[in-house]
Amino acid sequence: MVHMVPLIIFMDDVSGNVSKQWNKHHAIYMSNANLPREMLEKEFFVRFVTSSLHAAPMELMRAMKESICNAAESGIIAWDCKYNEEVLLIPYALFLTGDNPMQAEECSHAGLNCNYYCRTCDIGGTKEYKASGDGYTSLFASGNLRTPENTIAEVRKQFEIALKSGASEKIKNSVSSTGIRDSTSSSILNALVELGKKLRKCAAGTQAMPEAEVTAVLEKEFIELLQGHKLDDAINPLLGMEGLNIHMDTPTEILHTILLGIVKYFWGQTVFLLDKAKLMGIFQVRLESVDKDGLNAPCLNADYVCHYKGSLIGKHFKSLAQVMPFLIYDLVPSIVLNAWTVIGELVVLIWHTMIVDMEAYLVGLCRNMR
């Protein structure tokens, strides 16, 4: 019997020190997606794969990819204790989890601060366009989906630009206009750009090197930097991983995107309004008396929340988002109250642990997101 084993792959930067001093390193973990959710949440079923203080994240991912692909090609023979027979296991990557900066790097994307900030589609534009009426409206519609093939083609195009005059500014414009930046091959790209600047620079009274010679030197250096490999071997290994569309298979990380993003900033604005109107005392009394029986993660210590209102973490925001409309209904403007109502509904929908009717769930989710 043959069993397919879908793998959930997680990578992030963590601290390896017991003390508070930061000692940054990257680590990869895996989980078997065939397991029930209750099992996946247990530490025992999260398996350590690799870690390094010195290797770049995508170097670790290259080794991980090779390991999975080799195992999938040959298969893994194991013993099935339920049916008392040998089985063949074929592993494959289901999706990759992590925070937004790490997932952007896995997609060869420039991140949330670039003009085209989405790693899944090409939505976005210049700062001026996004500030306009049409531009702002367009941010709430889906753009054309990114594909690994198009991303690879854009990275190759940036290497072609690196061999030409004015490469630094042209590559910067390319990243700005596409949102694509490959960290895996960036060291080679930067080396070519810097070498090109040196070759084209000439001292006063001396003749500049002909462009044809500069190109020839850069092409030779390019070949040496590749160390006998093809360019595709130096680019992000996840872009060419069979069965994985890295742009689609990096689910949005909701802790930082929702709780420590939208909810955190609305909380800060609401607290500002309450403090300004001297209503924080009323809010604290209501928070202390609110019924917490319906919350699956009650973290509503009113004294703590109001005293350390600028230092709350995800679990506090998760609980606050569900009760805020009942606490501030007559303390803040209606536009703020309406926003908290939508946020509360959105948080409940996003943290569903079991979806019975997928179609109805998606309708409700889309309605709240819009």
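Everything here concerns the structure above.
Residues numbered from 1 in each chain as written. Predicted model: local features only at pLDDT ≥ 70, side-chain atom pairs only at ≥ 80, totals over all residues. Heavy atoms only, no water.

1. A word on the overall build of the protein chain
- Looking only at helices and strands, the protein chain has 16 helices and 5 strands in total.
- The C-alpha extent of the protein chain, read off along each of the three principal axes, is 80 × 70 × 45 Å.
- Buried positions account for 39% of the 370 residues belonging to the protein chain.
- Taking all contacts inside the protein chain whose residues are at least 6 apart in sequence as the whole, residues at least 24 apart take part in 60%.
- Only carbon and sulfur atoms are counted for the fraction: they give 57% of the accessible area of the protein chain, which is about 21,900 Å².
- In the protein chain, 34 side chains carry a positive charge and 42 a negative one; their mean positions are 7 Å apart. (Helix = DSSP H or I, 4+ residues; strand = E, 2+ residues; numbered from the N terminus. Buried < 20%, exposed > 50% of the residue type's maximum accessible area, 1.4 Å probe, protein only. Contact = heavy atoms within 4.5 Å. Areas by Shrake-Rupley, 256 points an atom, 1.4 Å probe, with all protein chains shown as cover. Lys, Arg positive; Asp, Glu negative; His and termini not counted. Charge placed at Lys NZ, Arg CZ, Asp CG, Glu CD.)

2. Focus on the layout of surface pockets
- Roughly 380 Å³ of internal volume is contained in the second largest pocket.
- Lining of the second largest pocket is provided by 17 residues; of these, Glu59, Arg62, Thr184, Ile188 and Ala234 occupy positions nearest its centre.
- Residue assignment for the lining of the second largest pocket shows that the elements contributing at least two residues are α2 (57-74), α8 (186-200), α9 (211-226) and α10 (231-234).
- Among the elements that make up the lining of the second largest pocket, the one with the highest residue count is α2 (4 residues). (1 Å grid on protein atoms, 1.4 Å probe; cavity = no way out; pocket = protein on both sides within 12 Å on 5 of 7 lines; lining within 4 Å. Points joined across faces, edges and corners; volume = space filled by probe spheres on them.)

3. Remarks on unusual backbone geometry
- At Gln227, a residue that is not glycine, the phi angle is positive and equals roughly 55 degrees.
- Its place among the elements puts Gln227 in the loop between α9 and α10.

4. Quick word on helix α11 (residues 254-276)
- Spanning 23 residues, α11 covers 31 Å between terminal C-alpha atoms, matching the ideal 33 Å at 1.5 Å per step.
- Where α11 bends most, at Lys264, the angle is about 35 degrees.
- Turning to α11, its buried residues are Ile258, Leu259, Gly261, Val263, Trp267, Thr270, Val271 and Leu274.
- Buried positions along α11 lie against α12 (280-289), α13 (302-307), α14 (314-327) and α15 (334-350).
- At the N-terminal boundary of α11, the capping side chain belongs to Glu253, with an oxygen 3.3 Å from the backbone nitrogen of Leu255.
- In the segment just after α11, Lys278 is the residue with positive phi, at about 55 degrees. (Expected span 1.5 Å × (residues − 1). Bend = angle between axes of the 7 residues up to and from the residue. Polar contact = N/O pair within 3.5 Å; in protein donor to acceptor, adjacent residues only side chain to side chain.)

5. Topic: empty space enclosed by the protein
- Within this structure, the stated rule accounts for 1 cavity of 30 Å³ or more.
- As a volume, the largest cavity reaches approximately 30 Å³.
- Lining the largest cavity we find Asn100, Ala104, His109, Gly111, Leu112, Tyr117 and Arg119.
- Taken together, the residues that form the lining of the largest cavity break down as 3 nonpolar, 3 polar and 1 charged. (Nonpolar A, V, L, I, M, F, W, Y, C, P; charged D, E, K, R; others polar.)

6. Considerations on the pairing of strand β4 (residues 76-80)
- Examined bridge by bridge, β4 and strand β5 (residues 85-97) share 5 bridges and lie antiparallel to one another. Directly across from Ala78, in β5, lies its bridge partner Val87.
- As consecutive antiparallel partners, β4 and β5 are separated by 4 residues, and within that stretch Asn84 has a phi angle of approximately 55 degrees, a positive value. (Pairing = 2+ DSSP bridges.)

7. A short note on α12
- Of the residues making up α12, those classed as buried are Met280, Phe283, Arg286 and Leu287. Considered in projection along α12, the buried side chains sweep an arc of 125 degrees and stay on one side of the axis. Residues of α12 that are exposed and point more than 90 degrees away from the buried face comprise Val285 and Ser289.
- On its buried face, α12 is in contact with α11, α13 and α14. (Arc of directions from axis to C-beta.)

8. Focus on the pattern of salt bridges
- Tallying each qualifying case throughout the model produces 6 salt bridges.
- One salt bridge in this structure joins Glu41 and Arg37, with 3.1 Å as the shortest N-O distance.
- Judged by its relative accessible area of 32%, Arg37 falls in the partly exposed class.
- In this structure, Arg156 engages Asp232 in a salt bridge whose closest nitrogen and oxygen atoms are separated by 2.7 Å. Taken together, the residues Arg156 in helix α6 (residues 148-162) and Asp232 in helix α10 connect sequence positions 76 residues apart.
- Overall, Arg156 belongs to the partly exposed group, its relative accessible area being 36%.
- Within the structure, one salt-bridge network assembled from shared partners comprises Arg37, Glu38 and Glu41. (Salt bridge = Lys/Arg side-chain N within 4 Å of Asp/Glu carboxyl O.)

9. A few points about the side chain of Thr151
- If you trace the backbone, Thr151 turns up in helix α6.
- Given a relative accessible area of 1%, Thr151 falls into the buried group.
- With residues near it in sequence (within four places) discarded, Thr151 still touches Cys107, Ser108, Ile180, Leu239 and His247.

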